[in-house]
Amino acid sequence: VQLQAFGGGLVQAGASLRLSCAASGRASSSNVMAWFRQAQEKEREFVAAIPWSGGNQVYAESVKGRFTIPRDNAKNTVTLQMNNLKPEDTALYYCAARGPHLTVVRTDGNAYAYWGQGTQLTVSS
């Protein structure tokens with residue numbers, strides 16, 4: 001297993017929740033890590049990404065100001081802190097990692113070589 005995501009659940013609108021992703025093996029040396037999500041009957045979409053340095057984080061417009069993506073390189077984990085959740089945030093959330101030595105933050109899922117299994121978030125209104 002390269003990436004393992006956990007922390008999803010059922011919450012009410014306005015609540016906060018934290019997703020975590022643990023990297024192991026080759027994925028643990030990835031420079032760029034990201035979160036994507038896929039709602040039912042919708043295409044997968046980019047949520048947030050962070051490089052190894054922690055700077056130049058990139059967020060989707062729909063989550064900017066509400067979500068943050070801190071990472072702990074010593075523990076090989078990346079977190080998605082989600083605040084003020086909305087029903088439209090309901091989706092299966094995936095963490096992803098680019099291949100080693102790739103340093104550019106990308107929003108295109110095809111740029112990511114490693115994927116976690118997904119964790120479901122449901123936000124009720």
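This section reports on the structure supplied with the text.

**Re the state of the cysteines**
As used in these notes, a disulfide is a covalent bond between sulfur atoms, one from each of two cysteines.
Part 1 of the reasoning: In this structure the tally under the stated criterion is one disulfide.
Part 2 of the reasoning: Cys 21 shares a disulfide with Cys 95; S-S distance 2.1 Å. Handedness of the Cys 21-Cys 95 disulfide follows from its S-S torsion of about 55 degrees: it is right-handed. One end of the pair, Cys 21, is in strand S3 (residues 17-23); the other, Cys 95, is in strand S10 (residues 91-97), and 74 residues separate them in sequence. The exposure classification of Cys 21 matches that of Cys 95, with both residues buried.

**Section: the pattern of salt bridges**
Part 1 of the reasoning: One pass over the full model with this rule turns up five salt bridges.
Part 2 of the reasoning: Two residues, Arg 37 and Asp 89, come together in a salt bridge whose shortest N-O distance is 2.9 Å. You can see Arg 37 sitting in strand S4 (residues 33-38) and its partner Asp 89 sitting in the loop between strand S9 (77-82) and S10, a full 52 residues away along the chain.
Part 3 of the reasoning: Among the ionic pairs, Asp 108 bridges to Arg 106, the shortest N-O distance being 4.0 Å.
Part 4 of the reasoning: Several salt bridges converge on common partners, so that one network encompasses Arg 37, Glu 45, Arg 66 and Asp 89.

**Considering the nonpolar core**
Part 1 of the reasoning: Counting 36 residues, the largest nonpolar core has Trp 35, Leu 80, Met 82 and Tyr 93 as its most contacted members.
Part 2 of the reasoning: Those residues in contact with Leu 80 that lie beyond four places of it in its chain are Leu 17, Arg 18, Leu 19, Trp 35, Val 47, Ala 48, Phe 67, Thr 68, Ile 69 and Tyr 93.

**With respect to the environment of Ala 48**
Part 1 of the reasoning: Tracing the backbone through its elements, the reader meets Ala 48 in strand S5 (residues 45-50).
Part 2 of the reasoning: For Ala 48, the residues in contact, after removing those within four places along its chain, are Met 33, Ala 34, Trp 35, Val 58, Tyr 59, Ile 69 and Leu 80.

**Quick look at unusual backbone geometry**
Part 1 of the reasoning: Within the chain, Asn 76 stands out as a residue other than glycine whose phi angle is a positive 55 degrees.
Part 2 of the reasoning: The residue Asn 76 is located in the loop between strand S8 (71-72) and S9 in this model.
Part 3 of the reasoning: With a relative accessible area of 26%, Asn 76 lands in the partly exposed category.
Part 4 of the reasoning: For Asn 84, which is not a glycine, the phi torsion comes out positive at approximately 50 degrees.

Definitions and limits used
- Residues numbered from 1 in each chain as written.
- Predicted model: local features only at pLDDT ≥ 70, side-chain atom pairs only at ≥ 80, totals over all residues.
- Heavy atoms only, no water.
- Disulfide = S-S within 2.5 Å.
- Helix = DSSP H or I, 4+ residues; strand = E, 2+ residues; numbered from the N terminus.
- Buried < 20%, exposed > 50% of the residue type's maximum accessible area, 1.4 Å probe, protein only.
- Salt bridge = Lys/Arg side-chain N within 4 Å of Asp/Glu carboxyl O.
- Core = buried A, V, L, I, M, F, W, Y, C linked by side-chain atoms within 4.5 Å.
- Contact = heavy atoms within 4.5 Å.

Read these as geometric descriptors, not functional statements.
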